[in-house]
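Examining the three-dimensional arrangement
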Amino acid sequence: MEAAGFRSLSRLRLGLSGRLFLLTVAFVVLAEILVFVPLLASYRQSRLSDRVAAAQVAALVLRAAPEGNVSEDLARRLLTGLGARAIAVRDGEAWRLLSVDPMPESVAETVDLRVQDWEGSIRGAFRTLLFPADAPIRAVGGGQGGVGAVEILLDEAPLRSRLIAFALRLLAACAVIAAIAAGLVFFVLQRSIVRPVLQLARNIAAFADDPERFDRPAACSRRTDEIGQAETALARMKAALGGELRQKRRLAELGLSVSKINHELRNLLTTAQLLGDRFETVSDPVVQRVAPRLVATLDRAIRFCEATLAYGRATEPNAQRRMVALAPLLDELTDLSGLMPAAGVEVSVCAPADLEIDADPEQLLRALTNLVRNAVQAHAAARTTDASVVIEGLRDGSRGAGQVTILVVDNGPGVPPRARANLFAAFQGSTRPGGTGLGLAIASELVRLNGGTLGLDETANGACFRIVIPDRAIQAKAA
């Protein structure tokens, strides 16, 4: 548990800057290692080459001596100056040896400087550095001044000491270079990448804490790279999402207000329903004709208010579809001409008496009421003459295996082109001053709940809304 906690704490403390610094140091060290190994092998080769070059001078002394013989004192001084045990010189076909000590039985390694072997040089350098031997090293080089070849036996200890000193100096230089390079790379990356990324993270965290704040400026630089694109995208997201959240909050507050209004409206409608029940006892024929419709309308309004309160929002319940006669439903819409008596709008119905539709009668009537009311109000706003609204119903196919089309046609001003894009969107499809744009949105939702579609036909004058509701047998077959 403690080890796991320590690892978690270490991961938390090692941020992007620390990881970037460690990666930079690691990559620089790796690059220097790739340079260090060849340099170490090259230094060993150069030391051996220097010894062989000095041995060539000694070979000239051997050639100049009478009959190739030199005194023991001169031979010792030559070998001591070279740091060698013995020198062998090939003069023509004969070999001449310069040595004062007995020749060793074996050598640790033979290095032929006349052949370029980098793999062997690297392997020999690490062997000398890590695994030194007591036997000498035999180095072979080309001769000069008529000398065919020169061989020299060297003790490995002095070579190893010089190789260690060179490796330490090289490591110190590599460490300094790595620190400087890592620091420069870290500084540049910190300024150009890490700081902007951290700023983006802080902006995102601040936006997550309070996404609806509009007074917070968007931190956008003038960069054109990926970080600049991320900053621009974040600024756009903050503006768009912040606006959406503010609108959702306002809609939520509006929904709460509507719920309160519905609560009070239900009480008022209940009282109106009780008063409307008394109209049934009046013997006036007009009252007898209007009273049932009034009571039914109030009853539907009360049920809708109760459903709204039950759900806490204006969400429509599932449709209770059944086959109902369409003509009686359409006849109830003719009274909507009284909404604007001064406009003189005539609402007429054209539907066969035996036409039946597979739909929820209350939801269908509400959708048609919204369409007809919008048409009457459009006539009143435009003050058109001979204003009329025609509601037509017809069936395509047999009962239970076809579809019913309902047309709501008016000769009013029509729907402006600018309103057609969001015609069925809540709060966006209004075409008259003071309108909320909810009527067509509610009508579209109600028709959709009944498995149908609501659309606007292209007409030369006025507007024509088309409702198409297929029978459930057709829908089941399509599914």
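Rules used in this analysis
Residues numbered from 1 in each chain as written. Predicted model: local features only at pLDDT ≥ 70, side-chain atom pairs only at ≥ 80, totals over all residues. Heavy atoms only, no water. Helix = DSSP H or I, 4+ residues; strand = E, 2+ residues; numbered from the N terminus. Buried < 20%, exposed > 50% of the residue type's maximum accessible area, 1.4 Å probe, protein only. Contact = heavy atoms within 4.5 Å. Areas by Shrake-Rupley, 256 points an atom, 1.4 Å probe, with all protein chains shown as cover. Phe/Tyr/Trp six-rings, centres within 6.5 Å; stacked < 30°, edge-to-face > 60°. pLDDT = per-residue confidence, 0-100. Axes fitted to C-alpha atoms, helices over the stretch in contact; angles between N-to-C directions. Parallel < 35°, antiparallel > 145°, perpendicular 65-115°, else oblique. Left-handed = near helix turned anticlockwise from the far one by under 90°. Nonpolar A, V, L, I, M, F, W, Y, C, P; charged D, E, K, R; others polar. Salt bridge = Lys/Arg side-chain N within 4 Å of Asp/Glu carboxyl O. Pairing = 2+ DSSP bridges. Patch = residues over 30% accessible without salt bridge, like charges linked within 9 Å, V, L, I, M, F, W, Y side chains within 5 Å. Core = buried A, V, L, I, M, F, W, Y, C linked by side-chain atoms within 4.5 Å.

1. Topic: the overall build of the protein
Regarding its fold elements, the protein presents twelve helices and twelve strands. Relative to its 479 residues, the protein shows a buried fraction of 32%. Sequence-distant contacts, at least 24 apart, represent 70% of the contacts inside the protein between residues at least 6 apart. Looking at the protein as shown, the accessible area adds up to about 28,100 Å², and 59% of this sits on carbon and sulfur atoms.

2. A word on the packing of aromatic side chains
Remark: the centre distance and the inter-plane angle together describe each pair of aromatic rings, the angle taken between the planes. Scanning the model with the defined rule gives one aromatic pair in all. Relative to Phe166, the ring of Tyr43 lies with its centre 4.2 Å away and its plane at 0°, an arrangement referred to as stacked. Note that Tyr43 is positioned in helix α2 (residues 16-64) and Phe166 in helix α5 (residues 156-209), a separation of 123 residues in sequence. Neither residue differs from the other here; Tyr43 and Phe166 are each classed as buried.

3. Re the confidence of the model for the protein
Per-residue confidence for the protein gives a mean pLDDT of 76, with 74% of residues at or over 70. Looking at the elements of the protein, mean pLDDT is at its lowest for helix α1 (residues 2-13), recorded as 46, and at its highest for strand β10 (residues 403-410), recorded as 94. In the predicted structure, residues 5-12 sits below a pLDDT of 50 and forms one contact with residues beyond four places in sequence or in another chain. A low-confidence stretch, residues 309-314 stays under pLDDT 50, and its non-local contacts, those more than four residues away or across chains, total eight contacts.

4. Points about the packing of helix α9 (residues 361-382) against helix α11 (residues 438-449)
Contact geometry of α9 with α11 gives a least axis separation of 9 Å together with a crossing angle of 150°. In this view, α9 runs roughly antiparallel relative to α11, as classed from their interaxial angle. Between α9 and α11 the crossing geometry is left-handed. Note on element contacts: α11 touches α9 through Gly439, Leu440, Ile442, Ala443, Leu446, Val447 and Leu449, opposite Gln363, Arg366, Ala367, Asn370, Leu371 and Asn374. Residue classes in the contact of α9 with α11 are distributed as eight nonpolar, four polar and one charged.

5. Topic: the pattern of salt bridges
According to the stated counting rule, one finds eleven salt bridges in the structure shown. Between Glu109 and Arg127 there is a salt bridge whose closest N-O contact spans 3.0 Å. Of the two residues, Glu109 sits in strand β3 (residues 109-112) while Arg127 sits in helix α4 (residues 118-130), which places them 18 residues apart along the sequence.

6. Focus on the packing of α4 against α5
The N-to-C vectors of α4 and α5 enclose an angle of 100°; their axes lie 9 Å apart at closest approach. The angle between α4 and α5 places the two elements in the roughly perpendicular class. When α4 is examined against α5, the residues Ala125, Arg127, Thr128 and Leu129 are found in contact with a partner set consisting of Glu156, Arg160, Leu163 and Ile164. Counted by class, the contact of α4 with α5 contains four nonpolar, one polar and three charged residues.

7. Looking at the sheet that holds β10
Read across the open sheet, the five strands follow the order β7-β9-β10-β12-β11; overall the sheet is mixed. Either end of the sheet is taken by a strand with one partner, and the two such strands are β7 (346-350) and β11 (453-457). Between one strand axis and the next, the sheet turns by 15° as a mean value, whatever way the strands run. Relative to β10, strand β9 (residues 388-396) is paired through eight bridges, and the arrangement is antiparallel. When the sheet's bridge partners are listed, Arg395 is paired in β10 with Val404. Lying on the sheet, α11 is in contact with β11 and β12 (463-470); it crosses β11 at an angle near 130°.

8. Notes on a nonpolar patch on the surface
Nonpolar side chains collect at one region of the surface, where Leu23, Phe27, Leu30 and Leu34 lie side by side and expose about 440 Å² of accessible area between them. Of note, Phe27 is situated in helix α2. Phe27 gets classed as exposed once you look at its relative accessible area, which sits at 55%.

9. Considering the nonpolar core
Counting residues in each nonpolar core, the largest one holds 37 residues, and the members touching the most others are Ile357, Leu364 and Ile406. Among the elements that take part in this core, α9 stands out by supplying eight residues, more than any other. Once residues lying within four places of it in the same chain are set aside, the contact partners of Ile406 are Leu326, Ile357, Leu364, Leu368, Ile391, Glu392, Phe465, Arg466 and Ile467. Counting 17 residues, the second-largest nonpolar core is a separate cluster that includes Val89, Leu113, Ile137 and Ala139.

10. What about the pairing of β12?
Within β12, seven of the eight residues are buried, which leaves the element mostly enclosed by the surrounding structure. Of the pairings in the sheet, the one linking β10 to β12 comprises eight bridges and is antiparallel in character. Bridging from a neighbouring strand, Ile406 pairs with Ile467 of β12. In terms of strand pairing, β11 meets β12 through five bridges, oriented antiparallel. The residue bridging Leu456 from the neighbouring strand is Phe465, located in β12. Count of turn residues in the β11/β12 antiparallel hairpin: five residues, of which Gly462 carries a positive phi of about 65°.

11. Quick notes on the pairing of strand β4 (residues 137-142)
Pairing geometry for β3 and β4, over four bridges, is parallel. Counterpart to Thr110 in the pairing with β4 is Arg138. Of the pairings in the sheet, the one linking β4 to strand β5 (residues 149-154) comprises six bridges and is antiparallel in character. Pairing of Gly141 across the sheet is with Val150, part of β5.

12. Some remarks on the side chain of Thr128
Mapped onto the secondary structure, Thr128 falls in helix α4. Those residues within four positions of Thr128 in sequence are excluded, and the remaining contacts are Arg44, Ile137, Glu156, Arg160 and Leu163.

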